[in-house]
Amino acid sequence: MMRILFVILGTILVENFVLTKFLGICPYLGVSKKMDSALGMSGAVVFVMTIASAVTWVVNEYVLSPYGLGYLQTIAFILVIASVVQFVELLLKRFIKPLYNSLGIYLPLITTNCAVLGVALLNIQNSSSFGMSVLYGFSAGLSFTFALILFSGIREKLETSNVSKSFKGLPIALVTAAFMALSFMGFQGMFTF
């Protein structure tokens, strides 16, 4: 139980995919203007990362590795991720139409979110078991969620703040993201797992 807690907290704080590994920056900046769309994207990313981690582990363990096809990992993993994203897109379009509309182009872009591919590749690189791969995928999704929700809340406050004209919009968002990344660097060495 303690190991699971260390993996989750370590992934969210110490190895945050957005703020320390700098993966998934496109949706991080693109969907963070409003809390509603940030929450929706976060849920979709957590789901996709968890399922993709499970499926890519199985594909690698039972198809690629036994037949010496390790060089096809990236291509195979991208196909798996694209399939999972299409499934999520169909579910949202069918059952949660307002969220589907608010996410717009960013929903299919989860396929190209390097954080999703990054977690799948890190699971293989670290020789994780199936359970740890799924846990790490889920935790990586939570780390993306944590960063996105924090950033979205700050961006909403910045919209109503008195910011210099030259910093309005994206410039102040980038400065804020930089300060957030610097603050998360302070967690380095906190957990070893």
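The rules behind these values
Position numbers for residues count from 1 along each chain, tracking the sequence in the order it is written. Selection of residues for local features in this predicted model requires a pLDDT of at least 70, selection of side-chain atom pairs for listing and counting requires 80 or more, and totals for whole chains, interfaces and linings are taken over all residues. For side-chain calculations, the full set of non-hydrogen atoms in the structure is used, while hydrogens and water are omitted. Where helices and strands are cited, they refer to DSSP runs of H or I of at least four residues and of E of at least two residues respectively, numbered from the N terminus. We compute the radius of gyration from the C-alpha atoms alone; for a globule the expected value is 2.2 Å times N to the 0.38, where N is the number of residues. Only protein chains enter the area calculation, which uses a 1.4 Å probe; residues under 20% of their type maximum are buried, those over 50% are exposed, and those in between are partly exposed. Any two residues whose heavy atoms approach within 4.5 Å at even a single point are treated as in contact. Put simply, a nonpolar core is a bunch of buried Ala, Val, Leu, Ile, Met, Phe, Trp, Tyr and Cys residues held in one set by side-chain atoms that sit within 4.5 Å of each other. Angles run from 0 to 180 degrees between N-to-C directions of axes, and those axes are lines fitted to C-alpha atoms, restricted for helices to the stretch in contact. Any angle between 65 and 115 degrees counts as roughly perpendicular, while under 35 counts as roughly parallel, over 145 as roughly antiparallel, and the rest as oblique. Left-handed describes a crossing in which the near helix is turned anticlockwise from the far one by less than a right angle; the clockwise case is right-handed. Throughout this entry, Asp, Glu, Lys and Arg are counted as charged residues, while Ala, Val, Leu, Ile, Met, Phe, Trp, Tyr, Cys and Pro are counted as nonpolar. The remaining residues, Gly among them, count as polar.

1. Quick look at the overall build of the protein
Here is step 1 of the chain: The secondary structure content of the protein amounts to eight helices and zero strands.
Here is step 2 of the chain: In sequence order, the protein lays out its α and β elements as α-α-α-α-α-α-α-α.
Here is step 3 of the chain: Here the protein has a C-alpha radius of gyration of 17 Å; the compact-globule value for 193 residues is 16 Å, and the two agree.
Here is step 4 of the chain: Projected onto its principal axes, the C-alpha positions of the protein cover 60 × 45 × 30 Å.
Here is step 5 of the chain: Per-residue burial over the protein gives 45% buried out of 193 residues.
Here is step 6 of the chain: For the protein, the proportion of contacts with a sequence separation of at least 24, taken over those separated by at least 6, is 78%.

2. Notes on helix α1 (residues 2-14)
Here is step 1 of the chain: Buried residues of α1: Val7, Gly10, Thr11, Ile12, Leu13 and Val14, and no others.
Here is step 2 of the chain: For α1, the elements touching its buried residues are α7 (130-159) and α8 (170-185).

3. What about the nonpolar core?
Here is step 1 of the chain: By size, the foremost hydrophobic cluster in this structure holds 47 residues, and its most contacted members are Leu19, Tyr28, Met41, Leu107 and Ile110.
Here is step 2 of the chain: Only α1, α3 (35-64), α4 (73-95), α5 (97-103), α6 (114-125), α7 and α8 provide two or more residues apiece to this core.
Here is step 3 of the chain: Among the elements that line this core, the one with the most residues is α3, at nine residues.
Here is step 4 of the chain: The residues contacting leucine 19, other than those within four sequence positions of it, are Tyr28, Ala147, Ala177, Met180, Ala181, Phe184 and Met185.

4. So, the packing of α3 against α6
Here is step 1 of the chain: Look at α3 against α6: their axes get within 9 Å of each other, and the N-to-C directions meet at 40°. Between α3 and α6, the interaxial angle falls into the category oblique. Classified by chirality, the crossing of α6 by α3 is right-handed. Together, Val48, Met49, Ala52, Ser53, Thr56, Trp57 and Asn60 of α3 and Ala115, Val116, Val119, Ala120, Asn123 and Ile124 of α6 make up the contact between the two elements.
Here is step 2 of the chain: Residues of the contact of α3 with α6, tallied by class, amount to nine nonpolar, four polar and no charged.

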